[in-house]
Amino acid sequence: MNQINAWARKATNKLIDTVIDGGLPADTDVVVANAVYFKGKWKDPFTKALTKTGKFHRLDGAAVDASFMQRGTYYDTGDYIACHDGFKVLRLPYDDERRRSPASPPPPPSTPRFSLCVFLPDARDGLWDLLDEIASTPGFLQAKLPTRHASVGELKLPKFKLTFSGDIAGVLRGLGLDATFSDGEADFSKMVEDDGGRRPLSMRSLVHKAVIEVNEEGTEAAASAINMVCGMSMTPEPPPVPVDFVADHPFAFFVIEETTGAV
């Protein structure tokens, strides 16, 4: 157990300290573990001196203090914002230099490989309706992502660090994978050498841990409507109207790989 936890700690740059808490069941034969680690720096970092404390309005109606990263009024950025019916989407590109080897070709101009995409409902209590729409509409995420630079007025995004831990076996059962678990028919014995006396192997649990931290420098993580681009005009005149994006209430966010659209 200590060896597994030490491996996870190293693989995630200490973001995930342990994956196994409280020991393993006595009849455990095999532990299968994997880790995904991502660290991205913004293509256009936030200025720490502009980070200010403000109120974040929770779904229960209460307001709490939060540190909001800011761009400054009418800041000319490489950010992307799209307006839709009932919500806005902000796309913050990551700097791609960190992932390219000297031998690999450069990516197409102005096409960052990874971005953080923030889906912000207009209503303070609109997150659940927005999540329902995201989950029930195929291709919703990719269809609603902004594709053009926007003239940004006020931009505020809270710094945050979120941690999730839990047994997601129930999630897989809900997807119809009952046979995978100990009371099902799946047998994983072929994953190990047969010593002639080993009992059938089946999955007992699937523990998932995830940590994501977003700050001024970037992100570190271990795991149809009116479709109008805000602040853009089909003609050169009038000049684009700056768009505000103030994430002072619950929102959804995704780290997206640009080439494939994978979350």
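A. A look at the overall build of the protein chain. A count of helical and extended segments in the protein chain gives 4 helices and 12 strands. By the burial criterion, 36% of the 263 residues in the protein chain qualify as buried. Surface exposure of the protein chain reaches about 15,800 Å², of which carbon and sulfur atoms provide 54%.

B. Region of the structure containing the sheet that holds strand 9 (residues 207-214). Pairing in this open sheet of 4 strands is antiparallel, and the strands run 1-10-9-8 from one edge to the other. Each having just a single partner strand, strand 1 (38-41) and strand 8 (160-167) make up the two edges of the open sheet. Averaged over neighbouring strand pairs, the angle between their axes works out to 5 degrees when direction is ignored. Strand direction decides the pairing type here: strand 1 and strand 10 (residues 218-221), joined by 4 bridges, are antiparallel.

C. Representation of the environment of Leu24 in the model. Secondary-structure assignment places Leu24 in the loop between helix 1 (2-11) and strand 1. Note on Leu24: relative accessible area 40%, which makes it partly exposed. Distance from Leu24 to Met1, taken between C-alpha atoms, is 7.4 Å for residues 23 residues apart in sequence.

D. Broad picture of the environment of Phe46. Looking at the secondary structure, you find Phe46 in the loop between strand 1 and strand 2 (52-57). Separated by 23 residues in the primary sequence, Phe46 and Met69 have C-alpha atoms spaced 6.6 Å apart.

E. Looking closely at helix 2 (residues 127-136). The set of residues buried in helix 2 consists of Leu127, Leu130 and Ile134. Angular distribution of buried residues about the axis of helix 2 spans 65 degrees; they occupy a single face of the element. Exposed side chains of helix 2 directed beyond 90 degrees from the buried face belong to Trp128, Asp129, Asp132, Ala135 and Ser136. Contacts from the buried residues of helix 2 go to strand 5 (87-93), strand 6 (114-121), helix 3 (140-144) and strand 12 (252-257).

F. Highlighting the sheet that holds strand 7 (residues 152-158). Here we have 4 strands laid out as an open sheet, ordered 2-3-7-11, and mixed in their pairing. The open sheet has two edge strands, strand 2 and strand 11 (243-246), and neither has a second partner. The average undirected angle you get between the axes of adjacent strands in this sheet is 40 degrees. Relative to strand 3 (residues 63-70), strand 2 runs antiparallel, the two sharing 6 bridges.

G. Region of the structure containing the side chain of Glu216. Looking at the secondary structure, you find Glu216 in the loop between strand 9 and strand 10. We classify Glu216 as buried; its relative accessible area is 5%. Among residues more than four places away in sequence, those in contact with Glu216 are Trp42, Pro45, Phe46, Lys48, Thr51, Met69 and Lys159.

H. Structural view of the pattern of salt bridges. This structure, assessed with the given rule, holds 8 salt bridges. With a closest N to O distance of 2.8 Å, Asp17 and Arg9 form a salt bridge. On the basis of relative accessibility, which here comes to 28%, the residue Arg9 falls in the partly exposed class.

I. Expanded view of the packing of aromatic side chains. In this structure the tally under the stated criterion is 11 aromatic pairs. Measuring from centroid to centroid gives 5.3 Å for Phe38 and Tyr94, while their planes differ by 70 degrees, and the two rings are edge-to-face. Of the two residues, Phe38 sits in strand 1 while Tyr94 sits in the loop between strand 5 and strand 6, which places them 56 residues apart along the sequence. The class for Tyr94 is buried, based on a relative accessible area of 1%. Among the aromatic residues, those joined into a ring-pair cluster are Phe38, Trp42, Phe46, Tyr94 and Phe114.

J. Seen up close, unusual backbone geometry. The phi angle at Asn13 is positive, at roughly 55 degrees, despite the residue not being glycine. Relative to the helices and strands, Asn13 resides in the loop between helix 1 and strand 1. You will see that Lys14, though not glycine, has its phi angle at about 70 degrees, which is positive. Among the structural elements, Lys14 can be located in the loop between helix 1 and strand 1. Relative accessible area serves as the criterion here: at 67%, Lys14 is assigned to the exposed category.

Calculation criteria
- Residues numbered from 1 in each chain as written.
- Predicted model: local features only at pLDDT ≥ 70, side-chain atom pairs only at ≥ 80, totals over all residues.
- Heavy atoms only, no water.
- Helix = DSSP H or I, 4+ residues; strand = E, 2+ residues; numbered from the N terminus.
- Buried < 20%, exposed > 50% of the residue type's maximum accessible area, 1.4 Å probe, protein only.
- Areas by Shrake-Rupley, 256 points an atom, 1.4 Å probe, with all protein chains shown as cover.
- Pairing = 2+ DSSP bridges.
- Axes fitted to C-alpha atoms, helices over the stretch in contact; angles between N-to-C directions.
- Arc of directions from axis to C-beta.
- Contact = heavy atoms within 4.5 Å.
- Salt bridge = Lys/Arg side-chain N within 4 Å of Asp/Glu carboxyl O.
- Phe/Tyr/Trp six-rings, centres within 6.5 Å; stacked < 30°, edge-to-face > 60°.

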